[in-house]
Amino acid sequence: MDAVLPRKASTAGVSGRKEYISMCAISGILNHHSVSVAENIVKKMTAAQTHRGPDEDGFFVDDRVALGHRRLAVIDLESGQQPVSRDGITAILNGEIYN
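Residues numbered from 1 in each chain as written. Predicted model: local features only at pLDDT ≥ 70, side-chain atom pairs only at ≥ 80, totals over all residues. Heavy atoms only, no water.

Re unusual backbone geometry
So, point 1. Phi is positive for Asp87, which is not a glycine, with a value near 55°.
So, point 2. Here Asp87 shows up in the loop between strand 6 (84-86) and strand 7 (89-91).
So, point 3. The exposed category is assigned to Asp87, whose relative accessible area is 71%. (Helix = DSSP H or I, 4+ residues; strand = E, 2+ residues; numbered from the N terminus. Buried < 20%, exposed > 50% of the residue type's maximum accessible area, 1.4 Å probe, protein only.)

Structure representation (structure tokens):
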């Protein structure tokens, strides 16, 4: 069985330029040591994925973890910011939460 790989680029029809398939992107660093996580590193990781989520970015950083998210705003343009936090729990996901 052949592996299905994500398509990185295709040639455009009318314009002749390459068009990229966009989707959200997630990056993160988990630190098991006593030193703080470098926020600038996760921001660089997330910036490198801007082509996957060109509409918005979001970050969560504390002493042990740094999370980054690039957003492709397809639907629900005004309330889809990430990371999401509630009751001391922070999450980043690629998908939608209903209810």
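So, the packing of aromatic side chains
So, point 1. Per the stated rule, a full pass over the model turns up zero aromatic pairs.
So, point 2. The aromatic ring of Phe59 is capped on one face by Lys43, whose charged end is 5.1 Å from the ring centroid. (Phe/Tyr/Trp six-rings, centres within 6.5 Å; stacked < 30°, edge-to-face > 60°. Lys NZ or Arg CZ within 6 Å of the ring centre and 35° of its normal.)

Section: the side chain of Ser27
So, point 1. Examined against the element boundaries, Ser27 turns out to sit in strand 3 (residues 25-30).
So, point 2. Among the polar contacts listed, one links the side chain of Ser27 to the side chain of Thr46, at a separation of 2.6 Å.
So, point 3. Leaving out residues up to four positions away in the same chain, Ser27 has contacts with Val42, Met45, Thr46, Gln49, Ala66, Leu67 and Gly68. (Polar contact = N/O pair within 3.5 Å; in protein donor to acceptor, adjacent residues only side chain to side chain. Contact = heavy atoms within 4.5 Å.)

What about the environment of Arg64?
So, point 1. Its place among the elements puts Arg64 in the loop between strand 4 (56-61) and strand 5 (65-71).
So, point 2. Measuring from C-alpha to C-alpha, the distance between Arg64 and Asn31 comes to 5.0 Å, with 33 residues separating the pair along the chain.
So, point 3. Apart from residues lying up to four places away in sequence, Arg64 is in contact with Ile29, Leu30, Asn31, His32, His33 and Val37.

So, the sheet that holds strand 4
So, point 1. Read across the open sheet, the three strands follow the order 3-5-4; overall the sheet is antiparallel. Edge positions in the sheet fall to strand 3 and strand 4, since each has one partner strand and no second. Sheet twist, expressed as the average angle between the axes of neighbouring strands with direction ignored, equals 10°.
So, point 2. Across six bridges, the pairing between strand 4 and strand 5 is antiparallel. Within the sheet, the bridge partner assigned to Val61 lies in strand 5 and is Ala66.
So, point 3. On top of the sheet, helix 1 (residues 39-47) reaches strand 3, strand 4 and strand 5; it is set at about 155° to strand 3, its chief contact. (Pairing = 2+ DSSP bridges. Axes fitted to C-alpha atoms, helices over the stretch in contact; angles between N-to-C directions.)

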